[in-house]
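# Structure assessment
Below are the chains, spelled out letter by letter.
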Amino acid sequence: GAREAVAKLLNTDDAPEALRRGAVDALVKLGGPASRDSLDALAGSDRPAAVRLLAAAGLAALDPEAGSARAAALLADLKDGADPSGLVQALVQRQ
């Protein structure tokens, strides 16, 4: 369905960041456990940092506790040059 197609966009290595951001927004708007699970998986350590950052921010919107846990792990793992500002902003907005 739509959720799977949107999640697939996030898994496309050459997808522009704007498209990925829109895909995360779509998953958040679709909501529900399936979107939460998709975002949680996309925030996992086997994905590129850019995808993980966007997915963790989206996860924080759907499930603040899970999003905060993913964000903590991600921020600890982040390499130099990665910009976590979008994730930090998403977490602050949920407070």
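Please refer to the structure higher up on the page.
Residues numbered from 1 in each chain as written. Predicted model: local features only at pLDDT ≥ 70, side-chain atom pairs only at ≥ 80, totals over all residues. Heavy atoms only, no water.

### Section: the environment of D83
Tracing the backbone shows D83 in the loop between α5 (64-77) and α6 (85-93). The exposure class of D83 is exposed, given its relative accessible area of 54%. A sequence separation of 30 residues divides D83 from L53, and the C-alpha atoms of the two residues are 8.5 Å apart. (Helix = DSSP H or I, 4+ residues; strand = E, 2+ residues; numbered from the N terminus. Buried < 20%, exposed > 50% of the residue type's maximum accessible area, 1.4 Å probe, protein only.)

### Some remarks on the nonpolar core
Among the nonpolar cores identified, the biggest contains 16 residues, and L10, V24, L27, L39, L42 and A55 are the most heavily contacted of them. Among the elements of the structure, α1 (2-10), α2 (17-30), α3 (32-42), α4 (49-62) and α5 are those that each provide at least two residues to this core. Ranked by the residues each element gives to this core, the list is headed by α4, at six residues. Not counting the four nearest positions on each side in its chain, L42 is found in contact with L10, N11, L27, R47, V51, R52 and A55. (Core = buried A, V, L, I, M, F, W, Y, C linked by side-chain atoms within 4.5 Å. Contact = heavy atoms within 4.5 Å.)

### So, the packing of α3 against α4
It is at 8 Å that the axes of α3 and α4 come closest, and there the two elements cross at 145 degrees. The chirality of how α3 crosses α4 is left-handed. Between α3 and α4, the contacting residues are S35, R36, L39, D40 and L42 on the first element and V51, R52, A55, G58, L59 and L62 on the second. For the contact of α3 with α4, the residue count by class is six nonpolar, two polar and three charged. (Axes fitted to C-alpha atoms, helices over the stretch in contact; angles between N-to-C directions. Left-handed = near helix turned anticlockwise from the far one by under 90°. Nonpolar A, V, L, I, M, F, W, Y, C, P; charged D, E, K, R; others polar.)

### Overview of the pattern of salt bridges
Under the defined criterion, the tally for this structure stands at four salt bridges. Two residues, R36 and D63, come together in a salt bridge whose shortest N-O distance is 2.8 Å. Taken together, the residues R36 in helix α3 and D63 in the loop between α4 and α5 connect sequence positions 27 residues apart. Owing to a relative accessible area of 24%, R36 belongs among the partly exposed residues under this scheme. (Salt bridge = Lys/Arg side-chain N within 4 Å of Asp/Glu carboxyl O.)

### A short note on α1
Residues of α1 that are buried include every one of V6, A7 and L10, and no others. Buried residues of α1 fall within an arc of 100 degrees about the axis and therefore sit on the same side. The exposed set on the far side of α1, more than 90 degrees from its buried face, consists of E4 and K8. (Arc of directions from axis to C-beta.)

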